[in-house]
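# Commentary on secondary and tertiary structure
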2 protein chains.
Amino acid sequence: MTDAPYDLYYWPSIQGRGEFVRLALEEAGAPYTDVARGPGGMAAMMKILGGGAHGIPPFAPPFLVSGALTIAQTANILHFLAPRHGLVPDDEGARLAANQLMLTLADFVNEVHDTHHPVATGLYYEDQKPEAARRAHGFTTERMPKFLGYFEGILERAKGRERHLIGASTSYVDLALFQVLSGLEYAFPRVLKKLAPTLPRLTALATRVTERPRIAAYLASERRLPFNEQGIFRHYPELDLAAKH
Amino acid sequence: MTDAPYDLYYWPSIQGRGEFVRLALEEAGAPYTDVARGPGGMAAMMKILGGGAHGIPPFAPPFLVSGALTIAQTANILHFLAPRHGLVPDDEGARLAANQLMLTLADFVNEVHDTHHPVATGLYYEDQKPEAARRAHGFTTERMPKFLGYFEGILERAKGRERHLIGASTSYVDLALFQVLSGLEYAFPRVLKKLAPTLPRLTALATRVTERPRIAAYLASERRLPFNEQGIFRHYPELDLAAKH
(Lines give C-alpha, C1' and ligand atoms only; values in the text may rest on other atoms or scores of the structure.)
Protein backbone atom coordinates (compact mmCIF):
# COMPACT_ATOMS: atom_id res chain seq x y z
CA MET A 1 0.00 0.00 0.00
CA THR A 2 1.45 3.37 -1.00
CA ASP A 3 0.26 6.98 -0.82
CA ALA A 4 -0.97 6.99 -4.43
CA PRO A 5 -4.69 6.41 -4.97
CA TYR A 6 -3.95 3.30 -7.01
CA ASP A 7 -1.42 0.53 -6.55
CA LEU A 8 -0.96 -1.49 -9.73
CA TYR A 9 0.65 -4.91 -9.40
CA TYR A 10 2.10 -6.56 -12.47
CA TRP A 11 5.25 -8.35 -13.61
CA PRO A 12 7.92 -5.65 -13.66
CA SER A 13 9.76 -6.52 -16.87
CA ILE A 14 7.00 -6.86 -19.47
CA GLN A 15 4.13 -4.82 -20.88
CA GLY A 16 1.80 -7.82 -20.90
CA ARG A 17 -1.77 -7.46 -19.73
CA GLY A 18 -0.74 -4.85 -17.20
CA GLU A 19 -0.09 -2.42 -20.05
CA PHE A 20 -3.82 -2.02 -20.72
CA VAL A 21 -4.21 -0.74 -17.16
CA ARG A 22 -1.09 1.45 -17.33
CA LEU A 23 -2.38 3.16 -20.49
CA ALA A 24 -5.74 3.93 -18.85
CA LEU A 25 -4.09 5.32 -15.71
CA GLU A 26 -1.69 7.41 -17.79
CA GLU A 27 -4.43 8.82 -20.04
CA ALA A 28 -6.47 9.63 -16.91
CA GLY A 29 -3.51 11.38 -15.31
CA ALA A 30 -4.27 9.31 -12.22
CA PRO A 31 -1.46 9.00 -9.69
CA TYR A 32 -0.47 5.37 -9.34
CA THR A 33 2.38 3.22 -8.13
CA ASP A 34 3.61 0.39 -10.33
CA VAL A 35 4.41 -1.55 -7.20
CA ALA A 36 6.41 -4.52 -8.47
CA ARG A 37 8.85 -2.20 -10.25
CA GLY A 38 9.88 -0.61 -6.96
CA PRO A 39 11.94 -1.88 -4.00
CA GLY A 40 10.29 -4.84 -2.29
CA GLY A 41 7.49 -4.72 -4.83
CA MET A 42 7.78 -8.26 -6.12
CA ALA A 43 7.60 -9.63 -2.58
CA ALA A 44 4.51 -7.51 -1.92
CA MET A 45 2.89 -8.81 -5.12
CA MET A 46 3.61 -12.44 -4.31
CA LYS A 47 2.23 -11.97 -0.80
CA ILE A 48 -1.13 -10.75 -2.13
CA LEU A 49 -1.22 -13.54 -4.72
CA GLY A 50 -0.66 -15.99 -1.87
CA GLY A 51 -3.72 -14.67 -0.05
CA GLY A 52 -2.08 -11.93 2.00
CA ALA A 53 -4.80 -9.31 1.50
CA HIS A 54 -8.37 -9.38 2.65
CA GLY A 55 -10.98 -10.58 0.21
CA ILE A 56 -10.49 -12.91 -2.70
CA PRO A 57 -6.90 -13.26 -3.90
CA PRO A 58 -6.22 -12.72 -7.62
CA PHE A 59 -5.54 -15.80 -9.71
CA ALA A 60 -2.81 -13.85 -11.52
CA PRO A 61 -1.53 -10.31 -12.14
CA PRO A 62 -2.45 -7.65 -13.08
CA PHE A 63 -4.42 -6.49 -10.09
CA LEU A 64 -5.20 -3.07 -8.72
CA VAL A 65 -5.53 -2.04 -5.09
CA SER A 66 -7.78 0.95 -4.49
CA GLY A 67 -8.64 1.59 -0.87
CA ALA A 68 -10.20 -1.57 0.52
CA LEU A 69 -10.68 -3.13 -2.93
CA THR A 70 -8.30 -5.58 -4.58
CA ILE A 71 -9.44 -5.99 -8.19
CA ALA A 72 -8.07 -8.54 -10.66
CA GLN A 73 -8.70 -9.47 -14.31
CA THR A 74 -7.70 -6.80 -16.82
CA ALA A 75 -11.17 -6.10 -18.22
CA ASN A 76 -12.61 -5.97 -14.70
CA ILE A 77 -9.99 -3.44 -13.58
CA LEU A 78 -10.73 -1.24 -16.60
CA HIS A 79 -14.50 -1.57 -16.08
CA PHE A 80 -13.90 -0.24 -12.54
CA LEU A 81 -11.48 2.55 -13.49
CA ALA A 82 -13.01 3.92 -16.67
CA PRO A 83 -16.19 5.57 -15.32
CA ARG A 84 -14.16 7.21 -12.54
CA HIS A 85 -11.92 8.93 -15.05
CA GLY A 86 -14.11 9.74 -18.03
CA LEU A 87 -12.69 6.88 -20.07
CA VAL A 88 -16.11 5.48 -21.00
CA PRO A 89 -19.49 7.15 -21.61
CA ASP A 90 -21.89 7.27 -18.67
CA ASP A 91 -24.82 5.26 -19.97
CA GLU A 92 -25.25 1.56 -19.26
CA GLY A 93 -25.44 0.53 -22.93
CA ALA A 94 -22.09 2.13 -23.71
CA ARG A 95 -20.45 0.61 -20.67
CA LEU A 96 -21.71 -2.85 -21.62
CA ALA A 97 -20.55 -2.33 -25.20
CA ALA A 98 -17.12 -1.17 -23.99
CA ASN A 99 -16.80 -4.20 -21.72
CA GLN A 100 -17.88 -6.45 -24.58
CA LEU A 101 -15.22 -5.03 -26.89
CA MET A 102 -12.55 -5.18 -24.18
CA LEU A 103 -13.36 -8.85 -23.53
CA THR A 104 -13.14 -9.52 -27.26
CA LEU A 105 -9.71 -7.86 -27.30
CA ALA A 106 -8.75 -9.99 -24.28
CA ASP A 107 -9.71 -13.14 -26.22
CA PHE A 108 -7.62 -11.88 -29.14
CA VAL A 109 -4.65 -11.27 -26.82
CA ASN A 110 -4.99 -14.81 -25.41
CA GLU A 111 -4.75 -16.13 -28.96
CA VAL A 112 -1.66 -14.00 -29.61
CA HIS A 113 -0.07 -15.52 -26.51
CA ASP A 114 -0.84 -19.03 -27.67
CA THR A 115 1.01 -18.55 -30.97
CA HIS A 116 4.26 -18.97 -29.04
CA HIS A 117 2.81 -21.17 -26.28
CA PRO A 118 0.34 -23.54 -27.91
CA VAL A 119 1.23 -26.53 -25.74
CA ALA A 120 1.87 -25.25 -22.22
CA THR A 121 2.57 -21.98 -20.45
CA GLY A 122 5.00 -23.87 -18.26
CA LEU A 123 7.28 -24.81 -21.17
CA TYR A 124 9.68 -22.57 -23.09
CA TYR A 125 8.89 -21.52 -26.64
CA GLU A 126 11.89 -23.55 -27.71
CA ASP A 127 10.14 -26.68 -26.41
CA GLN A 128 7.05 -26.15 -28.60
CA LYS A 129 8.35 -24.64 -31.84
CA PRO A 130 6.70 -27.04 -34.33
CA GLU A 131 3.33 -26.61 -32.62
CA ALA A 132 3.86 -22.85 -32.51
CA ALA A 133 4.51 -22.75 -36.24
CA ARG A 134 1.22 -24.53 -36.93
CA ARG A 135 -0.68 -22.34 -34.48
CA ALA A 136 0.84 -19.13 -35.87
CA HIS A 137 -0.16 -20.14 -39.36
CA GLY A 138 -3.80 -20.46 -38.34
CA PHE A 139 -3.55 -17.28 -36.33
CA THR A 140 -2.03 -15.10 -39.03
CA THR A 141 -4.16 -16.43 -41.88
CA GLU A 142 -7.53 -16.69 -40.13
CA ARG A 143 -7.86 -15.33 -36.63
CA MET A 144 -5.81 -12.13 -36.94
CA PRO A 145 -7.64 -10.97 -40.10
CA LYS A 146 -10.98 -11.94 -38.52
CA PHE A 147 -10.44 -10.04 -35.26
CA LEU A 148 -8.94 -6.96 -36.93
CA GLY A 149 -11.62 -6.97 -39.62
CA TYR A 150 -14.27 -7.08 -36.89
CA PHE A 151 -12.93 -3.94 -35.22
CA GLU A 152 -12.40 -2.14 -38.55
CA GLY A 153 -16.01 -3.01 -39.38
CA ILE A 154 -17.27 -1.39 -36.19
CA LEU A 155 -15.60 1.89 -37.17
CA GLU A 156 -16.82 1.56 -40.74
CA ARG A 157 -20.43 1.16 -39.59
CA ALA A 158 -20.15 4.12 -37.21
CA LYS A 159 -20.33 6.69 -39.97
CA GLY A 160 -19.75 10.20 -38.69
CA ARG A 161 -18.24 9.05 -35.41
CA GLU A 162 -15.63 6.64 -36.66
CA ARG A 163 -12.88 8.34 -34.64
CA HIS A 164 -13.75 6.18 -31.61
CA LEU A 165 -14.88 2.60 -31.00
CA ILE A 166 -17.32 3.74 -28.30
CA GLY A 167 -18.92 7.13 -27.80
CA ALA A 168 -17.62 10.54 -28.89
CA SER A 169 -14.29 10.71 -27.08
CA THR A 170 -11.32 8.49 -26.26
CA SER A 171 -12.31 5.46 -24.19
CA TYR A 172 -10.23 2.73 -22.63
CA VAL A 173 -11.21 0.53 -25.57
CA ASP A 174 -9.45 2.91 -27.99
CA LEU A 175 -6.35 2.74 -25.79
CA ALA A 176 -6.54 -1.06 -25.72
CA LEU A 177 -6.94 -1.24 -29.48
CA PHE A 178 -3.82 0.90 -29.89
CA GLN A 179 -1.93 -1.44 -27.57
CA VAL A 180 -2.99 -4.54 -29.51
CA LEU A 181 -1.97 -2.98 -32.82
CA SER A 182 1.37 -1.91 -31.35
CA GLY A 183 1.98 -5.42 -30.14
CA LEU A 184 1.04 -6.97 -33.47
CA GLU A 185 3.35 -4.53 -35.26
CA TYR A 186 6.14 -5.76 -33.01
CA ALA A 187 5.34 -9.47 -33.18
CA PHE A 188 4.01 -9.86 -36.72
CA PRO A 189 5.29 -6.88 -38.75
CA ARG A 190 5.08 -8.64 -42.11
CA VAL A 191 1.57 -9.95 -41.56
CA LEU A 192 0.33 -6.62 -40.27
CA LYS A 193 1.91 -4.74 -43.16
CA LYS A 194 0.04 -6.95 -45.57
CA LEU A 195 -3.27 -6.45 -43.72
CA ALA A 196 -2.83 -2.71 -43.11
CA PRO A 197 -4.45 -1.52 -46.38
CA THR A 198 -7.69 -3.19 -45.23
CA LEU A 199 -7.52 -1.44 -41.85
CA PRO A 200 -7.40 2.32 -42.56
CA ARG A 201 -9.70 3.35 -39.70
CA LEU A 202 -7.97 1.22 -37.06
CA THR A 203 -4.58 2.47 -38.16
CA ALA A 204 -5.74 6.09 -37.95
CA LEU A 205 -7.30 5.50 -34.54
CA ALA A 206 -4.09 4.00 -33.18
CA THR A 207 -2.07 6.94 -34.51
CA ARG A 208 -4.43 9.42 -32.86
CA VAL A 209 -3.97 7.63 -29.53
CA THR A 210 -0.20 8.09 -29.75
CA GLU A 211 -0.72 11.82 -30.30
CA ARG A 212 -2.70 12.37 -27.12
CA PRO A 213 -0.44 14.46 -24.87
CA ARG A 214 -0.42 12.19 -21.83
CA ILE A 215 -0.02 9.04 -23.91
CA ALA A 216 2.76 10.64 -25.98
CA ALA A 217 4.56 11.63 -22.77
CA TYR A 218 4.12 8.14 -21.37
CA LEU A 219 5.38 6.39 -24.50
CA ALA A 220 8.49 8.60 -24.45
CA SER A 221 9.14 7.91 -20.76
CA GLU A 222 11.00 5.13 -19.00
CA ARG A 223 7.70 3.99 -17.57
CA ARG A 224 6.90 2.46 -20.97
CA LEU A 225 8.74 -0.83 -21.09
CA PRO A 226 9.92 -2.06 -24.48
CA PHE A 227 8.34 -5.12 -26.07
CA ASN A 228 10.48 -8.21 -25.55
CA GLU A 229 10.47 -12.00 -25.83
CA GLN A 230 9.18 -12.57 -22.31
CA GLY A 231 5.85 -10.84 -22.91
CA ILE A 232 2.68 -11.66 -24.80
CA PHE A 233 3.70 -10.04 -28.08
CA ARG A 234 6.98 -11.68 -29.09
CA HIS A 235 8.85 -11.25 -32.31
CA TYR A 236 9.88 -14.63 -33.62
CA PRO A 237 10.49 -14.07 -37.35
CA GLU A 238 9.66 -17.71 -38.11
CA LEU A 239 6.11 -17.12 -36.84
CA ASP A 240 5.61 -13.93 -38.85
CA LEU A 241 4.36 -15.89 -41.80
CA ALA A 242 3.27 -13.23 -44.27
CA ALA A 243 5.27 -14.79 -47.08
CA LYS A 244 3.14 -17.92 -46.96
CA HIS A 245 -0.16 -16.11 -47.38
CA MET B 1 -37.23 -10.53 -31.20
CA THR B 2 -39.85 -12.55 -29.31
CA ASP B 3 -42.33 -11.74 -26.56
CA ALA B 4 -40.06 -13.01 -23.77
CA PRO B 5 -38.04 -10.40 -21.87
CA TYR B 6 -34.81 -12.02 -23.01
CA ASP B 7 -33.74 -13.52 -26.29
CA LEU B 8 -30.66 -15.70 -25.92
CA TYR B 9 -28.71 -16.52 -29.06
CA TYR B 10 -26.31 -19.44 -29.04
CA TRP B 11 -25.38 -22.48 -31.11
CA PRO B 12 -28.39 -24.79 -30.80
CA SER B 13 -26.65 -28.17 -30.43
CA ILE B 14 -24.09 -27.59 -27.67
CA GLN B 15 -23.98 -26.37 -24.08
CA GLY B 16 -20.83 -24.33 -24.73
CA ARG B 17 -20.49 -20.84 -23.31
CA GLY B 18 -24.21 -20.26 -23.72
CA GLU B 19 -24.85 -22.70 -20.89
CA PHE B 20 -23.56 -20.23 -18.30
CA VAL B 21 -26.27 -17.81 -19.41
CA ARG B 22 -28.95 -20.51 -19.57
CA LEU B 23 -28.20 -21.58 -15.99
CA ALA B 24 -28.51 -17.99 -14.72
CA LEU B 25 -31.80 -17.44 -16.56
CA GLU B 26 -33.16 -20.76 -15.29
CA GLU B 27 -32.18 -20.10 -11.67
CA ALA B 28 -33.74 -16.63 -11.95
CA GLY B 29 -36.95 -18.07 -13.36
CA ALA B 30 -36.67 -15.41 -16.05
CA PRO B 31 -38.73 -16.03 -19.19
CA TYR B 32 -36.39 -16.32 -22.17
CA THR B 33 -36.32 -17.66 -25.67
CA ASP B 34 -33.38 -19.79 -26.78
CA VAL B 35 -33.76 -18.34 -30.25
CA ALA B 36 -31.47 -20.49 -32.38
CA ARG B 37 -33.19 -23.67 -31.15
CA GLY B 38 -36.49 -22.53 -32.64
CA PRO B 39 -37.74 -22.24 -36.23
CA GLY B 40 -35.75 -19.68 -38.21
CA GLY B 41 -33.57 -19.07 -35.19
CA MET B 42 -30.21 -19.84 -36.80
CA ALA B 43 -30.94 -17.41 -39.62
CA ALA B 44 -31.89 -14.74 -37.07
CA MET B 45 -28.65 -15.34 -35.17
CA MET B 46 -26.49 -15.15 -38.28
CA LYS B 47 -28.20 -11.93 -39.31
CA ILE B 48 -27.33 -10.21 -36.02
CA LEU B 49 -23.75 -11.56 -36.17
CA GLY B 50 -23.52 -10.02 -39.63
CA GLY B 51 -24.46 -6.60 -38.29
CA GLY B 52 -28.22 -6.83 -38.67
CA ALA B 53 -29.08 -5.19 -35.34
CA HIS B 54 -28.42 -1.67 -34.20
CA GLY B 55 -25.30 -1.08 -32.17
CA ILE B 56 -22.13 -3.09 -32.17
CA PRO B 57 -22.47 -6.63 -33.54
CA PRO B 58 -21.19 -9.49 -31.37
CA PHE B 59 -17.92 -11.10 -32.40
CA ALA B 60 -19.44 -14.50 -31.57
CA PRO B 61 -22.32 -16.13 -29.67
CA PRO B 62 -23.58 -16.18 -26.98
CA PHE B 63 -25.37 -12.87 -26.99
CA LEU B 64 -28.50 -11.65 -25.29
CA VAL B 65 -31.07 -9.22 -26.62
CA SER B 66 -32.95 -7.31 -23.93
CA GLY B 67 -35.05 -4.44 -25.21
CA ALA B 68 -32.77 -2.14 -27.18
CA LEU B 69 -29.60 -3.79 -25.86
CA THR B 70 -27.62 -6.48 -27.66
CA ILE B 71 -25.04 -7.79 -25.20
CA ALA B 72 -22.24 -10.21 -26.04
CA GLN B 73 -19.42 -11.92 -24.15
CA THR B 74 -20.53 -14.44 -21.54
CA ALA B 75 -19.14 -12.65 -18.48
CA ASN B 76 -20.60 -9.35 -19.72
CA ILE B 77 -24.05 -10.89 -20.17
CA LEU B 78 -23.94 -12.32 -16.65
CA HIS B 79 -22.67 -9.04 -15.20
CA PHE B 80 -25.75 -7.42 -16.77
CA LEU B 81 -28.27 -10.08 -15.74
CA ALA B 82 -27.16 -10.96 -12.22
CA PRO B 83 -28.06 -7.75 -10.33
CA ARG B 84 -31.48 -7.73 -12.01
CA HIS B 85 -32.30 -11.17 -10.63
CA GLY B 86 -30.61 -11.35 -7.24
CA LEU B 87 -27.80 -13.52 -8.56
CA VAL B 88 -25.03 -11.33 -7.10
CA PRO B 89 -24.88 -9.18 -3.95
CA ASP B 90 -25.69 -5.50 -4.34
CA ASP B 91 -22.44 -3.88 -3.29
CA GLU B 92 -19.76 -2.83 -5.77
CA GLY B 93 -17.01 -4.85 -4.14
CA ALA B 94 -18.98 -8.08 -4.44
CA ARG B 95 -19.94 -7.37 -8.04
CA LEU B 96 -16.31 -6.73 -8.96
CA ALA B 97 -15.25 -9.91 -7.16
CA ALA B 98 -17.95 -11.92 -8.93
CA ASN B 99 -16.89 -10.55 -12.31
CA GLN B 100 -13.25 -11.32 -11.45
CA LEU B 101 -14.08 -14.93 -10.61
CA MET B 102 -16.29 -15.32 -13.69
CA LEU B 103 -13.48 -14.03 -15.92
CA THR B 104 -11.08 -16.46 -14.25
CA LEU B 105 -13.53 -19.28 -15.00
CA ALA B 106 -13.76 -18.01 -18.59
CA ASP B 107 -9.96 -18.22 -18.89
CA PHE B 108 -10.13 -21.75 -17.49
CA VAL B 109 -12.84 -22.69 -20.02
CA ASN B 110 -10.69 -21.31 -22.85
CA GLU B 111 -7.89 -23.60 -21.71
CA VAL B 112 -10.28 -26.57 -21.62
CA HIS B 113 -11.25 -25.78 -25.22
CA ASP B 114 -7.63 -25.65 -26.30
CA THR B 115 -6.93 -29.17 -25.02
CA HIS B 116 -8.70 -30.49 -28.11
CA HIS B 117 -7.94 -27.48 -30.34
CA PRO B 118 -4.38 -26.40 -29.56
CA VAL B 119 -3.49 -25.55 -33.16
CA ALA B 120 -6.52 -23.95 -34.77
CA THR B 121 -10.25 -23.63 -34.15
CA GLY B 122 -10.73 -24.04 -37.88
CA LEU B 123 -9.29 -27.56 -37.94
CA TYR B 124 -10.86 -30.77 -36.67
CA TYR B 125 -9.57 -32.44 -33.52
CA GLU B 126 -8.43 -35.33 -35.72
CA ASP B 127 -6.07 -32.93 -37.49
CA GLN B 128 -4.29 -31.91 -34.29
CA LYS B 129 -4.23 -35.02 -32.13
CA PRO B 130 -0.49 -35.13 -31.28
CA GLU B 131 -0.56 -31.46 -30.26
CA ALA B 132 -3.76 -32.06 -28.29
CA ALA B 133 -2.10 -34.88 -26.38
CA ARG B 134 0.77 -32.60 -25.37
CA ARG B 135 -1.56 -29.76 -24.45
CA ALA B 136 -3.86 -32.04 -22.44
CA HIS B 137 -0.91 -33.37 -20.48
CA GLY B 138 0.06 -29.85 -19.38
CA PHE B 139 -3.56 -29.02 -18.72
CA THR B 140 -4.38 -32.04 -16.59
CA THR B 141 -1.13 -32.05 -14.61
CA GLU B 142 -0.68 -28.31 -14.05
CA ARG B 143 -3.47 -25.98 -15.11
CA MET B 144 -6.51 -27.99 -14.00
CA PRO B 145 -5.14 -28.60 -10.47
CA LYS B 146 -4.06 -24.96 -10.26
CA PHE B 147 -7.43 -23.50 -11.28
CA LEU B 148 -9.49 -25.92 -9.17
CA GLY B 149 -7.15 -25.48 -6.21
CA TYR B 150 -7.57 -21.72 -6.51
CA PHE B 151 -11.36 -21.96 -6.24
CA GLU B 152 -11.22 -24.55 -3.44
CA GLY B 153 -8.87 -22.18 -1.61
CA ILE B 154 -11.39 -19.35 -1.82
CA LEU B 155 -14.01 -21.49 -0.09
CA GLU B 156 -11.45 -22.71 2.44
CA ARG B 157 -10.52 -19.14 3.39
CA ALA B 158 -14.17 -18.10 3.69
CA LYS B 159 -14.66 -19.83 7.01
CA GLY B 160 -18.27 -19.75 8.13
CA ARG B 161 -19.60 -18.80 4.68
CA GLU B 162 -17.96 -21.45 2.58
CA ARG B 163 -21.27 -22.47 1.01
CA HIS B 164 -20.88 -19.79 -1.65
CA LEU B 165 -18.01 -18.28 -3.63
CA ILE B 166 -19.46 -14.77 -3.25
CA GLY B 167 -21.84 -13.44 -0.60
CA ALA B 168 -24.37 -15.38 1.45
CA SER B 169 -26.58 -16.87 -1.24
CA THR B 170 -26.30 -18.54 -4.62
CA SER B 171 -24.68 -16.26 -7.22
CA TYR B 172 -24.06 -16.74 -10.90
CA VAL B 173 -20.48 -17.64 -10.02
CA ASP B 174 -21.68 -20.68 -8.04
CA LEU B 175 -23.75 -21.73 -11.06
CA ALA B 176 -20.75 -21.27 -13.36
CA LEU B 177 -18.51 -23.26 -11.05
CA PHE B 178 -21.04 -26.11 -11.10
CA GLN B 179 -21.07 -25.99 -14.90
CA VAL B 180 -17.28 -26.14 -15.14
CA LEU B 181 -17.11 -29.10 -12.74
CA SER B 182 -19.86 -30.88 -14.71
CA GLY B 183 -17.95 -30.34 -17.91
CA LEU B 184 -14.68 -31.56 -16.41
CA GLU B 185 -16.44 -34.65 -15.05
CA TYR B 186 -17.61 -35.37 -18.60
CA ALA B 187 -14.35 -34.59 -20.38
CA PHE B 188 -11.74 -35.71 -17.84
CA PRO B 189 -13.46 -38.18 -15.47
CA ARG B 190 -10.26 -39.97 -14.49
CA VAL B 191 -8.31 -36.79 -13.79
CA LEU B 192 -11.17 -35.26 -11.84
CA LYS B 193 -11.68 -38.42 -9.79
CA LYS B 194 -8.04 -38.28 -8.78
CA LEU B 195 -8.27 -34.60 -7.83
CA ALA B 196 -11.66 -34.82 -6.10
CA PRO B 197 -10.34 -35.67 -2.60
CA THR B 198 -8.53 -32.30 -2.62
CA LEU B 199 -11.72 -30.46 -3.60
CA PRO B 200 -14.33 -31.27 -0.93
CA ARG B 201 -15.83 -27.76 -0.77
CA LEU B 202 -16.15 -27.33 -4.54
CA THR B 203 -17.71 -30.77 -4.89
CA ALA B 204 -20.24 -29.98 -2.16
CA LEU B 205 -21.02 -26.59 -3.72
CA ALA B 206 -21.67 -28.15 -7.13
CA THR B 207 -23.95 -30.78 -5.56
CA ARG B 208 -25.94 -28.09 -3.76
CA VAL B 209 -26.42 -26.25 -7.07
CA THR B 210 -27.97 -29.38 -8.63
CA GLU B 211 -30.41 -29.57 -5.70
CA ARG B 212 -31.83 -26.08 -6.21
CA PRO B 213 -35.41 -26.62 -7.41
CA ARG B 214 -35.24 -24.59 -10.61
CA ILE B 215 -31.81 -25.96 -11.55
CA ALA B 216 -32.94 -29.52 -10.80
CA ALA B 217 -35.99 -29.03 -13.01
CA TYR B 218 -33.85 -27.55 -15.76
CA LEU B 219 -31.28 -30.36 -15.65
CA ALA B 220 -34.09 -32.93 -15.95
CA SER B 221 -35.71 -31.10 -18.87
CA GLU B 222 -35.10 -31.26 -22.59
CA ARG B 223 -33.82 -27.70 -22.43
CA ARG B 224 -30.58 -29.06 -20.95
CA LEU B 225 -28.57 -30.36 -23.89
CA PRO B 226 -26.23 -33.29 -23.28
CA PHE B 227 -22.47 -32.80 -23.42
CA ASN B 228 -21.05 -33.95 -26.73
CA GLU B 229 -17.95 -33.86 -28.93
CA GLN B 230 -18.89 -30.63 -30.67
CA GLY B 231 -18.79 -28.50 -27.52
CA ILE B 232 -16.08 -27.13 -25.27
CA PHE B 233 -16.01 -30.09 -22.87
CA ARG B 234 -15.32 -33.18 -24.99
CA HIS B 235 -14.63 -36.68 -23.81
CA TYR B 236 -11.65 -38.03 -25.67
CA PRO B 237 -10.34 -40.86 -23.45
CA GLU B 238 -6.83 -40.44 -24.83
CA LEU B 239 -6.73 -36.90 -23.36
CA ASP B 240 -7.99 -37.98 -19.92
CA LEU B 241 -4.51 -38.71 -18.76
CA ALA B 242 -4.94 -39.55 -15.10
CA ALA B 243 -2.96 -42.77 -15.45
CA LYS B 244 0.17 -40.83 -16.37
CA HIS B 245 0.09 -38.65 -13.27
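This is a predicted model, so every value here is computed, not measured.

Residue and element names in this part refer to chain A. Residue Pro61 is joined to Pro62 through a cis peptide bond whose omega torsion reads 0 degrees. Mapped onto the elements, Pro62 comes out in the loop between helix 2 (41-49) and strand 3 (63-66). Its identity as a non-glycine residue notwithstanding, Gln73 has a phi of 80 degrees, on the positive side. Relative to the helices and strands, Gln73 is located in the loop between strand 4 (69-72) and helix 3 (74-81). Note on Gln73: relative accessible area 17%, which makes it buried.

All names here are of chain B. Here Ser221 shows up in the segment after helix 9 (213-219). A relative accessible area of 18% means that Ser221 is categorised as buried. From its side chain, Ser221 meets the backbone oxygen of Tyr218 in a polar contact 2.7 Å long.

Residue and element names in this part refer to chain A. Each domain of chain A was delimited in the assignment, giving domain 1 (6-85) and domain 2 (92-212 + 229-244). Centre-to-centre separation of domain 1 and domain 2, based on C-alpha positions: 23 Å. With 15 residues of domain 1 in contact, the opposing surface of domain 2 contributes 16 residues. Both faces considered, domain 1 and domain 2 share a buried interface measuring about 1500 Å² in area, 70% of it formed by carbon and sulfur atoms. There are one salt bridge connecting domain 1 and domain 2. In this structure, Glu27 and Arg212 form a salt bridge, with 2.8 Å as the shortest nitrogen-oxygen distance.

Our next topic: the environment of Arg214 of chain B. All names here are of chain B. Within the secondary structure, Arg214 is located in helix 9. Assessed through its relative accessible area of 48%, Arg214 is described here as partly exposed. Considered as a pair, Arg214 and Pro145 are 69 residues apart in the sequence and their alpha carbons are 30 Å apart.

What follows deals with a nonpolar patch on the surface. Residues and elements named next belong to chain A. On the surface, a cluster of nonpolar side chains totalling about 250 Å² of accessible area is made up of Trp11, Met42 and Met46. Its place among the elements puts Met42 in helix 2. For Met42, a relative accessible area of 31% corresponds to the partly exposed category.

Note on the identical chains: chain B maps onto chain A by a rotation of 180 degrees and an axial translation of 0.0 Å, with an RMSD of 0.0 Å. Here the copies are linked by what is in effect a two-fold axis. No C-alpha of chain B lies nearer the rotation axis than that of Pro118 of chain B, which sits 2.9 Å from it. Taken as a fraction of all interface residues of chain B, those also at the interface in chain A reach 100%, which identifies the copy contact as same-surface.

Turning next to the nonpolar core. Grouped together as the largest cluster of nonpolar side chains are 146 residues, with contacts concentrated most on Leu184 of chain A together with Leu184 of chain B. Setting aside chain neighbours within four positions, we find Leu184 of chain A in contact with Phe108, Val112, Phe139, Met144, Leu148, Pro189, Leu192 and Phe233 of chain A.

Further remarks concern the interface of chain B and chain A. Between chain B and chain A, the residue contacts involve 48 residues of the former and 48 residues of the latter. The largest per-residue losses of area from chain B upon contact with chain A belong to Ile56, Phe59 and Arg134 of chain B, which jointly make up 19% of the total buried on that side. Applying the counting criterion to the chain B and chain A interface returns six salt bridges. The salt bridge partner of Arg84 of chain B is Glu92 of chain A, with a shortest N-O separation of 2.4 Å.

Each value, and the rule that gives it
Residues numbered from 1 in each chain as written. Chains lettered and ligands numbered in written order. Predicted model: local features only at pLDDT ≥ 70, side-chain atom pairs only at ≥ 80, totals over all residues. Heavy atoms only, no water. Helix = DSSP H or I, 4+ residues; strand = E, 2+ residues; numbered from the N terminus. Buried < 20%, exposed > 50% of the residue type's maximum accessible area, 1.4 Å probe, protein only. Polar contact = N/O pair within 3.5 Å; in protein donor to acceptor, adjacent residues only side chain to side chain. Domains from an automatic or database assignment. Contact = heavy atoms within 4.5 Å. Buried area = accessible area lost by both parts, 1.4 Å probe. Salt bridge = Lys/Arg side-chain N within 4 Å of Asp/Glu carboxyl O. Patch = residues over 30% accessible without salt bridge, like charges linked within 9 Å, V, L, I, M, F, W, Y side chains within 5 Å. Areas by Shrake-Rupley, 256 points an atom, 1.4 Å probe, with all protein chains shown as cover. Least-squares fit on C-alpha atoms with pLDDT ≥ 70 in both. Core = buried A, V, L, I, M, F, W, Y, C linked by side-chain atoms within 4.5 Å.

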